[in-house]
Amino acid sequence: MTLLVLQTGLAQSPAKGKVSGAVKDGAGKPMEFVTVMLLKAQDSTLVKGAVSNAAGAYEFESIPEGRYRISTSQMGYQKAKSEPITIDASHQDVKVATLVMQEETKVLNAVTITTKKPFIEQEIDRTVVNVENSIVSSGNNALEVLEKAPGVTIDRQNDQIQLKGKQGVIVMIDGKQTYLSGQDVANLLKNTPSDNIEKIEIITNPSSKYDAAGNTGIINIRMKKNKGFGTNGTLTAGAGYGRYEKANGSVQLNHREGKINAFGNYSYMYRKSFQENELNRIIPYNGTVTYFDQVSRRPNKFNGNNYRAGLDFFATKKSTFGVLVTGFLNDWRQFNASNFTEKLNADRELVQTQETGVSVKNQWLNLTGNLNYKYDFDGKGQELTVDADYSRYNGDSYNGLNTSYINFDGLVNPADKAIRNNMPSTIDIWAFKTDYTLPTKKGKWEAGLKTSFVLTDNNLLFDDRQEDGSWQYNNSLSNQFKYKENISAGYLNYATQLDKKTKLQVGLRVEHTKSRGHSVTIDSMVNRNYINLFPTFFLSRQLDSNHVLNLSYSRRIDRPNYQDLNPFKFYLDPITYQVGNPYLKPQYTHSVQLTHTYKGAFSTTLGYSHTTDVIVREVPGQIPDKNITYVMAANLATQDNVNLTVSFPVPVRNWWTMQNNFTVFYNKYNSPYLGSQYNVDVVAWNAYVSNNFVLGKGFSAELAGWYNSAGLYGFFKSLPQGAFSVGLQKQVMQKKGTLKLNVNDPFWWNRFRGSTNYGDINFKIKSNWESRVARVTFTYKFGNQNVKAARQRSTGTEAERNRAGGGSN
């Protein structure tokens, strides 16, 4: 808080002058949403940024004395630049001559402007995290970067991503959904180098064009793509150290010649790390209580390979064909891992110790192929796109536990117990979708169809070690689980301009879901067949040149992840495990959101959502007579969420800019559970503040920090968390190379502390991991840096891959 107060105080400088003007196109019509930059006349350094309103007007206030230029840019138009202007005692209200922007008709020579996007930008319908421009994010993984995004919290204990206090976030990569479970999405992001990421888009209320999955919204991760004709590429190499060593490297290539655009990248990540957990449990049974104090230490090692390759063929001016192949090969395993448990009686006297050696190996292979076609009817927005996809996941997971016991109550020590399980698994996903866009004189129509088929097969093989050292198959714990699902959908959107200041968009999506979960070993079947309607509504009103109001509504669904439906038990030790729930139902959410934007920069959003059949993925349970504690996914009756987000930049000095994001939310759960009513609510908040410094001579720096207050997520209460990072960057080799040094969480503040106390369930959790890491990264760009980027596109497998199991741990 001291840092925030200091920064706010420094930001309060008296107004010096005002600069205003307007932007028009070649036909003399006002241009809306043009990016307007106030630059220093001497070296084109960015001073302030703004966006033109519906009348094409812009305005800058509180401008210090000096000489400046105005620069404007918008996709499809040539940049425009004003003559130098002066702010001094005699010129404090400067009107800039109207800038005219001509449509681009040829490839322009690049104009270099010393500016960069802020780490976080607030757009009309989304929040954008510009990872590519962040110094402190270099060398990190995608999950660590996402942790710094406004409104996002990461439950490190359970590896769950939450947005504004709610679970159920859909994660896409380049518009393609990952189809992993929530935990496996977090694991995949852990092993995605941040140096491969351009930006992260957070869309809290998507339109009907998107799959209805995701009650909280969508997080879309845009990977880097090189930008005319020729060949270019980027090489990245990095290393880091915390308690253990880390390394990463990548190569990206792009080539465009004639009608062909080819692109691809490969990245490798090596990470050695650790996680340490403490679990303190109190279990009542038969009029007394037993205490269990558990400590687990799990060093781990990860090797990850990610690849992406594609080809666009511009057959005619109207037709484009494309092929895209992506995939990963990941290996994650624990070494020298152990769990140590002390069992104590009601007087806190030591009764027994249990020590479990743990061996875990997980290997995952993914291959996804996409064929796509785009037809541009008239060059004015009427287009048809078609995508066909196939994705396959192969996994092999091994878990071995060897437990020894020592009694302190005079009883004979129990025999050592050893169990092991191996689970080969496959997931096959087929998807097809087509989208059509038709602009009209009064608006724009969008329509589309999609169908997807998913087959999963998990075969858990459980063995117990016998006294003679042999292994015997355990039929009661083993099980083969098969899941089959077909989702068919269609949508219709219409957007129009009601008047000069009001825009409207309405949409409806229909989805039919048919699924079957089959536990083969116990011959148990769960069938579901349902149809849902998902309406959306968006209204935008330009109040005046500075103020814009946006109102939106949507209904959304979250279907259970494939692994949540899997009834297998995954053991931490013999008395602690996680189990799936084949009877999970989908959850439904109604969301309303009101956003006010001031001068295109200061944004305030108020949201409310009501969710029924809430899927909570870590619901605790106990078997007291066996001293067993477990967690499983279950449906709670309702959750209500109210949230308020404020985002605003502060130009402290011409060399120092600050971005601030604050979110406060209220969560209320109401549901019957364990024979009584679980009715609880909490107010929580989080903050993110970043500072960027231009130091001159190619040097720049960044200081950023985040804080999450105490909160409630399902049955778990969490204590506050926070951390900060610092980084330094130097451009070298005629700005083709960039050297970055950063330290994340230097004081090791980022730790999880949580508890639950409901009915006879009472335990506390502490969790530490290797958040304190120093990293150095070098990036080198070569070739023609103006090669046109590969087309951004959303494939047909957008909802299913986010619910598959795999990735890494």
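The structure we're discussing is the one just above.
Everything numeric here is computed off the predicted structure, so don't read it as measured data.

Reading the values: rules and limits
- Residues numbered from 1 in each chain as written.
- Predicted model: local features only at pLDDT ≥ 70, side-chain atom pairs only at ≥ 80, totals over all residues.
- Heavy atoms only, no water.
- Phe/Tyr/Trp six-rings, centres within 6.5 Å; stacked < 30°, edge-to-face > 60°.
- Helix = DSSP H or I, 4+ residues; strand = E, 2+ residues; numbered from the N terminus.
- Lys NZ or Arg CZ within 6 Å of the ring centre and 35° of its normal.
- Salt bridge = Lys/Arg side-chain N within 4 Å of Asp/Glu carboxyl O.
- Buried < 20%, exposed > 50% of the residue type's maximum accessible area, 1.4 Å probe, protein only.
- Core = buried A, V, L, I, M, F, W, Y, C linked by side-chain atoms within 4.5 Å.
- Contact = heavy atoms within 4.5 Å.
- Pairing = 2+ DSSP bridges.

Asks: Please explain the packing of aromatic side chains as it appears in this structure.
Replies: The way to describe two aromatic rings as a pair is by their centre distance and the angle between their planes. One pass over the full model with this rule turns up 29 aromatic pairs. Ring geometry for Trp445 against Tyr494: centres 4.4 Å apart, planes inclined by 40°, an arrangement best described as tilted. Residue Trp445 is found in strand S27 (residues 443–465), and its partner Tyr494 is found in strand S29 (residues 479–499); the two are separated by 49 residues along the sequence. A connected cluster of aromatic rings, assembled from ring pairs, spans Phe462, Tyr571, Tyr577 and Tyr630. In this arrangement the basic side chain of Arg281 is found over the ring face of Phe292, its NZ or CZ atom lying 4.9 Å from the centre. Across from the ring centre of Trp748, 4.0 Å away, lies the NZ or CZ of Arg751, which sits over that ring.

Asks: Honestly, the pattern of salt bridges in this entry has me stumped. Any pointers?
Replies: Proximity of charged atoms lets side chains of opposite charge pair with each other. Tallying each qualifying case throughout the model produces 14 salt bridges. A salt bridge links Arg348 to Asp293; its shortest N-O distance comes to 3.5 Å. Pair noted here: Arg348 is in the loop between strand S23 (337–344) and strand S24 (350–376) and Asp293 is in strand S21 (residues 288–313), with a separation of 55 residues, a long-range link. Overall, the relative accessible area of 43% leaves Arg348 in the partly exposed class. Linking Glu511 and Arg559 is a salt bridge whose minimum nitrogen-to-oxygen distance equals 2.6 Å. Separated by 48 residues along the polypeptide, Glu511 in strand S30 (residues 502–519) and Arg559 in the loop between strand S32 (547–558) and helix H4 (562–565) bring together distant segments of the chain. Neither Glu511 nor Arg559 differs from the other in exposure class; each is buried. Three or more residues joined by partner-sharing salt bridges are found here, namely Arg509, Glu511 and Arg559.

Asks: Teacher, can you tell me more about the nonpolar core here?
Replies: Grouped burial of nonpolar side chains is what soluble globular proteins tend to show. By size, the foremost hydrophobic cluster in this structure holds 32 residues, and its most contacted members are Tyr393, Tyr571 and Tyr577. Leaving out residues up to four positions away in the same chain, Tyr577 has contacts with Lys569, Phe570, Tyr571, Leu572, Ile623, Ile628, Thr629, Tyr630 and Val631. The next biggest cluster of nonpolar side chains, apart from the first, holds 20 residues, and it includes Val36, Ile63, Tyr68 and Ile87.

Asks: When you look at the environment of Pro64 in this model, what are you seeing that I'm missing?
Replies: Counting through the fold element by element, Pro64 comes out in the loop between strand S4 (57–60) and strand S5 (66–73). As a C-alpha pair, Pro64 and Lys16 span 48 residues in sequence and 4.9 Å in three-dimensional space. Aside from chain neighbours lying at most four places away, what touches Pro64 is Lys16 and Ile87.

Asks: Can you walk me through the environment of Leu46 in this structure?
Replies: Examined against the element boundaries, Leu46 turns out to sit in strand S3 (residues 46–51). Take Leu46: its relative accessible area is 26%, and that puts it in the partly exposed class. Here the alpha-carbon distance between Leu46 and Ser71, two residues 25 residues apart in the chain, equals 9.8 Å.

Asks: For this particular structure, what's the right way to read the environment of Thr326?
Replies: As for its position among the elements, Thr326 is in strand S22 (residues 319–334). When the C-alpha atoms of Thr326 and Gly310 are compared, they prove to be 8.5 Å apart, with 16 residues separating the residues in sequence.

Asks: How do you make sense of unusual backbone geometry when you look at a structure like this?
Replies: Leave glycine aside and you will find that most residues have negative phi; peptide bonds, for their part, are mostly trans. Even without being a glycine, Asn286 presents a positive backbone phi close to 55°. Assignment of secondary structure puts Asn286 in the loop between strand S20 (260–285) and S21. Here Asn286 falls in the exposed class, since its relative accessible area comes to 66%. Of note in this structure, Lys735 is not a glycine but carries a positive phi near 65°.

Asks: Where do I start with the pairing of strand S35 (residues 587–598) in this structure?
Replies: Strand residues, when the strand is regular, have side chains that alternate between the two faces of the sheet. Note that S32 and S35 share 12 bridges and pair antiparallel. Counted as the bridge partner of Arg555 is His590 from S35. By the bridge criterion, 11 bridges tie S35 to strand S36 (residues 602–623) in an arrangement that is antiparallel. Bridge pairing links His590 to His610 in S36.

By themselves these figures say nothing about function.
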